[in-house]
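# Overview (structure and organization)
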There are 2 protein chains.
Amino acid sequence: MATLTQRTERRANALSKERIVEAAIEILDADGEGALTFRALAARLKTGSGAIYWHVADKSELLAAAADQLVAGLTTGAKTDLPPREVIRALALGVFDVIDAHPWIGGQLSRDPWQHAVLRILEGVGAQVQALGVPRPIQFNATTAILSFILGLAGQYAAGARFFASGSDRATLLGAIADKWERLDPVAYPFVRQVAAQLPEHDDREQFLAGVDLILAGIETVR
Amino acid sequence: MATLTQRTERRANALSKERIVEAAIEILDADGEGALTFRALAARLKTGSGAIYWHVADKSELLAAAADQLVAGLTTGAKTDLPPREVIRALALGVFDVIDAHPWIGGQLSRDPWQHAVLRILEGVGAQVQALGVPRPIQFNATTAILSFILGLAGQYAAGARFFASGSDRATLLGAIADKWERLDPVAYPFVRQVAAQLPEHDDREQFLAGVDLILAGIETVR
DNA sequence: ACCTGAACACCGTTCAAGT
DNA sequence: ACCTGAACACCGTTCAAGT
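Residues numbered from 1 in each chain as written. Chains lettered and ligands numbered in written order. Predicted model: local features only at pLDDT ≥ 70, side-chain atom pairs only at ≥ 80, totals over all residues. Heavy atoms only, no water.

Right, let's talk about the overall build of chain A for a bit. In terms of helices and strands, chain A carries twelve helices and zero strands. Secondary structure elements of chain A occur, N-terminal to C-terminal, as α-α-α-α-α-α-α-α-α-α-α-α. Dimensions along the principal axes, computed over C-alpha positions, put chain A at roughly 75 × 45 × 25 Å. Across chain A, contacts joining residues at least 24 apart in sequence account for 65% of those joining residues at least 6 apart. Entry remark: accessible area of chain A is about 10,700 Å², with carbon and sulfur atoms responsible for 54%. (Helix = DSSP H or I, 4+ residues; strand = E, 2+ residues; numbered from the N terminus. Contact = heavy atoms within 4.5 Å. Areas by Shrake-Rupley, 256 points an atom, 1.4 Å probe, with all protein chains shown as cover.)

This is the structure:
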């Protein structure tokens, strides 16, 4: 009886890749990229740091698995009854929202473009580019253009999150950057100075969608 | 006499931010991102690791300065006698070539989009977007779309370089990835499987330029 | 003012030893 | 088979002490 309880308890608390990834996501969401260490993870899972290596090869696999789990959530539930253009927009916004909610994913996606999470996005976008009627030879180029754009923004978002972690909030940060931009040399940086005023008030999500629409418009010209 | 020689020698070997950045670039180019440590840098400069902190705030400032030096080389020499569209293409290709020659810059640019090097690119692209006749309200969106695309590719390139550093060359790496892609589930990954064959033989530079052209085509539709 | 280099507070990863 | 936790080989950064 005692052994049985012990055994089921042990099984309930047993380490597994799923439990490790789950705990990693909790740490990343709560305290950001910098907080995920094998020691912190082991403490949260009440185990030794070496135990994690029985289930996970190394830190990069762990991060890839964490990112994949969250990205999988939005690529598997894709609706196909909308026009391809709208599916691409929805998918892109889905990625944006996941990065917005979990900024560490931004860093992870842009750091390793060959991880599975990125493959999911590539497939999701590519299938719709195909459905859009884009000629075969340029389907790959059109798809990777959208993907690169998404990954570029992912990196930017992650960088923003690293700043927020160090205290200040979004508005303060953008205000400070806009200030710096306005003080740049007018001869060398006319455009940046002109655009500085838009920086603090601009909507990231809207700007992101505008970029996607621009690329889609470009794709339509070659269709 | 002896003191004079000593003093001039000391001055010639004196540490400065320029010499530190120069040495950092040499290390990064020769052995990649992972090789740049303050200890390696100090050894190369024949000084103590703490001495570097007198001239440079921390590692991120050092990397930003290194990236900025190489990016400055191509934004300052821009020709303005070409049509805006061609200047954008040339600038984008310039960034591509710098990243191709120094892959660590890719990681650095995508990691911190508010560093000066990125600002230079933003200005270079933005000024031409303006010259292109794009309406004011969407100049910012159009410019950041191109910038995000460039930074997305920068991250991908840096990731590739990290692989090459671990032994295998470009062709082997892409071949291995294409192999993995072809073995994916046909139901879940039809597009990726179809596109796998193009992966090992495709030209990065060409694909990059195709992406830029796609965005430019999109921008022209709203002009 | 500028430099030295030991010391501090961390990392990811390994591995003999346990169960 | 799975887990423990000390140990290894690193990091970036600091700082008392030198010149």
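So much for the structure itself; the text now carries on.
Here we come to the relation of the copies chain B and chain A. Between chain B and chain A, which share one sequence, the superposing operator has a rotation angle of 180° and an axial displacement of 0.0 Å; the RMSD is 0.0 Å. Given the turn and translation reported, the copies of this chain are related as if by a two-fold rotation axis. An overlap of 100% is found between the interface residues of chain B and their copies at the interface of chain A, pointing to a shared contact surface. (Least-squares fit on C-alpha atoms with pLDDT ≥ 70 in both.)

Before going further, it helps to spend a moment on helix α6 (residues 104-111) of chain A. The buried fraction of α6(A) is high, at seven of eight residues. Along α6(A), the residues that are buried comprise W104(A), I105(A), G106(A), G107(A), Q108(A), L109(A) and S110(A). (Buried < 20%, exposed > 50% of the residue type's maximum accessible area, 1.4 Å probe, protein only.)

For the rest of this paragraph, the subject is the packing of aromatic side chains. Residues and elements named next belong to chain B. According to the stated counting rule, one finds eight aromatic pairs over all chains in the structure shown. Arranged with centres 4.7 Å apart and planes meeting at 15°, the rings of F38 and Y53 form a pair that is stacked. Of the two residues, F38 is situated in helix α3 (residues 38-44) and Y53 in the loop between α3 and α4 (59-75); the sequence distance between them amounts to 15 residues. We classify Y53 as partly exposed; its relative accessible area is 45%. Consider the rings of F149 and F208, whose centres lie 5.5 Å apart with planes at 15°: the pair is stacked. Of this pair, F149 sits in helix α8 (residues 136-165) while F208 sits in helix α12 (residues 204-221), and the two are 59 residues apart along the sequence. (Phe/Tyr/Trp six-rings, centres within 6.5 Å; stacked < 30°, edge-to-face > 60°.)

Counting from both sides, the interface comprises 57 residues of chain B and, opposite them, 57 residues of chain A. Of the roughly 4,800 Å² buried at the junction of chain B and chain A (both faces included), carbon and sulfur atoms supply 68%. If you sort the residues of chain B by the area they bury against chain A, W114(B), F140(B) and F191(B) come out on top, with a joint share of 17%. At the surface where chain B touches chain A, the tally comes to zero salt bridges. Where chain B touches chain A, the interface holds 20 residue pairs in polar contact (both at pLDDT 80 or more). Elements supplying a minimum of two residues to the side of chain B that touches chain A: α6 (104-111), α7 (116-131), α8, α9 (170-182), α10 (190-196), α11 (198-201) and α12 of chain B. Among the elements that take part in the side of chain B that touches chain A, α8(B) stands out by supplying 19 residues, more than any other. (Buried area = accessible area lost by both parts, 1.4 Å probe. Salt bridge = Lys/Arg side-chain N within 4 Å of Asp/Glu carboxyl O. Polar contact = N/O pair within 3.5 Å; in protein donor to acceptor, adjacent residues only side chain to side chain.)

We now examine the protein's contact with DNA strand C. Near DNA strand C, the surroundings consist of 18 residues, among which R39(A), K59(A), T47(B), G50(B) and H55(B) are the closest. When the atoms of DNA strand C within 4 Å of the protein are grouped by moiety, sugar and phosphate amount to 51% of the total. Between DNA strand C and the protein, one listed contact pairs a phosphate oxygen with a side-chain N or O atom of K59(A) at 2.6 Å. (Near = heavy atom within 4 Å.)

Let us look at the protein's contact with DNA strand D. Around DNA strand D lies a shell of 18 residues, among which T47(A), G50(A), H55(A), R39(B) and K59(B) are the nearest. Sugar plus phosphate, as a fraction of atoms of DNA strand D within 4 Å of the protein: 52%. Take G50(A): an N or O atom from its main chain is 3.4 Å from a base oxygen of DNA strand D. H55(A) places a polar side-chain atom, nitrogen or oxygen, 2.5 Å from a phosphate oxygen of DNA strand D. Residue composition of the surface near DNA strand D, grouped by class: six nonpolar, eight polar and four charged. (Nonpolar A, V, L, I, M, F, W, Y, C, P; charged D, E, K, R; others polar.)

By size, the foremost hydrophobic cluster in this structure holds 144 residues, and its most contacted members are L41(A), W181(A), L41(B) and W181(B). When residues no more than four places from it in sequence are discounted, the contact partners of W181(B) are W114(A), L119(A), L122(A), V192(B), R193(B), V195(B), A196(B) and L199(B). (Core = buried A, V, L, I, M, F, W, Y, C linked by side-chain atoms within 4.5 Å.)

Let's shift gears to the domain arrangement of chain A. All names here are of chain A. The domain architecture assigned to chain A consists of domain 1 (1-56) and domain 2 (57-220). Inter-centroid distance (C-alpha atoms) of domain 1 to domain 2 is 31 Å. Residue-level contacts link 14 residues of domain 1 with 15 residues of domain 2. Carbon and sulfur atoms supply 66% of the area that domain 1 and domain 2 bury against each other, a total of about 1,300 Å² over both sides. (Domains from an automatic or database assignment.)

Residues other than glycine seldom take positive phi values, yet K46(A) does so here, at roughly 50°. Along the chain, the position of K46(A) falls in the loop between α3 (38-44) and α4 (59-75).

Below, the discussion takes up the packing of α4(B) against helix α5 (residues 84-101) of chain B. Residue and element names in this part refer to chain B. Viewed as axis vectors pointing N to C, α4 and α5 meet at an angle of 150°, and their least axial separation amounts to 10 Å. In this view, α4 runs roughly antiparallel relative to α5, as classed from their interaxial angle. Crossing geometry of α4 relative to α5 is assigned as right-handed. Contacts between α4 and α5 involve L70, L74 and T75 from the first element and L91, G94, V95 and V98 from the second. A per-class count over the contact of α4 with α5 returns five nonpolar, two polar and no charged. (Axes fitted to C-alpha atoms, helices over the stretch in contact; angles between N-to-C directions. Parallel < 35°, antiparallel > 145°, perpendicular 65-115°, else oblique. Left-handed = near helix turned anticlockwise from the far one by under 90°.)

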